[in-house]
Amino acid sequence: MNLLNFDEKNRESFSKIVKTMVQRHQTDPKEMLVHAIESEAEPEMNYWMTMVLVQEHFVSPRLEVGKDSAGEPVSALQAACLLQNVGVVAALVELGGFKGSVVEKEFQLAARIASKHEDQAVLGVLMKYAQEKDLLEPFMRLMQGNSLQ
């Protein structure tokens with residue numbers, strides 16, 4: 001699945017960059033994912049960097065990147081939604097960066113973050129993923145209905 005329809009040929013250059021950073025410069029792949037989440041670069045760059053870090057350097061797509069003001073863990077997906085990084089959101093969703101399905105708490109929280117920021121690009125990616133899983137209607141019903149417990 002490639003929610004943003006990026007050309008697979010472009011992945012190789014990002015793979016080489018990440019490999020060089022990790023091997024030659026001893027850069028921590030988890031740190032690189034955090035930088036990708038915070039990046040304001042083009043969505044395709046953030047997408048491929050995230051894909052390469054998770055698939056080739058074994059960074060968890062469910063990486064906890066911090067804590068919120070209440071001390072609750074903030075996942076990479078939630079952080080990417082907060083920072084409106086559509087490339088990272090697409091990659092993490094495709095890579096299973098949340099527990100459960102699109103109608104469960106983690107995915108719904110990501111969608112509510114995007115909705116609160118009125119981020120149509122991120123919300124569109126989340127909706128497209130729900131549609132790919134044949135769960136768009138229940139996803140939308142939950143988005144319009146109840147708050148999360």
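All values reported here derive from a predicted model rather than from experimental measurement.

**Section: the overall build of the chain**
A count of helical and extended segments in the chain gives eight helices and two strands. Start at the N end of the chain and walk to the C end: the helices and strands fall as α-α-α-β-β-α-α-α-α-α. Against the compact-globule benchmark of 15 Å for 149 residues, the chain has a radius of gyration of 15 Å, which places it among compact chains. Dimensions of the chain, computed from C-alpha atoms along their principal axes, come out at roughly 50 × 35 × 25 Å. Taking all 149 residues of the chain together, the buried fraction comes to 42%. When contacts within the chain are restricted to residue pairs at least 6 apart in sequence, those whose partners lie at least 24 apart make up 69%. When the accessible area of the chain is evaluated, it comes to approximately 8,400 Å², of which 49% is carbon and sulfur surface. Here the chain carries 15 positive and 21 negative side-chain charges, and the mean point of each set is 4 Å from the other.

**Describing the nonpolar core**
In terms of nonpolar packing, the biggest core is built from 47 residues, with L77, V89, V93, F107, L126 and F139 touching the most fellow members. Mapped onto this core, the elements with two or more residues apiece are α1 (11–23), α2 (29–38), α3 (43–57), α4 (76–82), α5 (86–94), α6 (105–116), α7 (120–132) and α8 (136–144). Not counting the four nearest positions on each side in its chain, F139 is found in contact with V102, V103, F107, Q108, A111, L126, M127 and A130.

**A look at the packing of α5 against α7**
Where α5 contacts α7, the two axes come as close as 9 Å, and the packing angle between them is 15°. Of the possible angle classes, the one that applies to α5 and α7 is roughly parallel. The handedness of the crossing between α5 and α7 comes out as right-handed. Facing α5, whose interface residues are V86, V89, A90 and V93, α7 presents A121, V122, V125, L126 and Y129. Of the residues in the contact of α5 with α7, the class split is nine nonpolar, no polar and no charged.

**So, the pattern of salt bridges**
Overall, the coordinates contain four salt bridges when judged by the stated rule. The shortest N-O distance in the salt bridge between E64 and K67 comes to 3.2 Å. Judged by relative accessible area, E64 falls into the partly exposed class, the value being 44%. For K67, a relative accessible area of 54% puts it in the exposed group. For E137, the salt bridge goes to R141, with nearest N and O atoms at 3.0 Å. Residue E137 and its partner R141 are located together in helix α8, separated by four residues, close to a single helical turn. By the burial criterion, E137 is exposed, and R141 matches it.

Calculation notes
Residues numbered from 1 in each chain as written. Predicted model: local features only at pLDDT ≥ 70, side-chain atom pairs only at ≥ 80, totals over all residues. Heavy atoms only, no water. Helix = DSSP H or I, 4+ residues; strand = E, 2+ residues; numbered from the N terminus. Rg over C-alpha atoms; globule rule 2.2 N^0.38 Å. Buried < 20%, exposed > 50% of the residue type's maximum accessible area, 1.4 Å probe, protein only. Contact = heavy atoms within 4.5 Å. Areas by Shrake-Rupley, 256 points an atom, 1.4 Å probe, with all protein chains shown as cover. Lys, Arg positive; Asp, Glu negative; His and termini not counted. Charge placed at Lys NZ, Arg CZ, Asp CG, Glu CD. Core = buried A, V, L, I, M, F, W, Y, C linked by side-chain atoms within 4.5 Å. Axes fitted to C-alpha atoms, helices over the stretch in contact; angles between N-to-C directions. Parallel < 35°, antiparallel > 145°, perpendicular 65-115°, else oblique. Left-handed = near helix turned anticlockwise from the far one by under 90°. Nonpolar A, V, L, I, M, F, W, Y, C, P; charged D, E, K, R; others polar. Salt bridge = Lys/Arg side-chain N within 4 Å of Asp/Glu carboxyl O.

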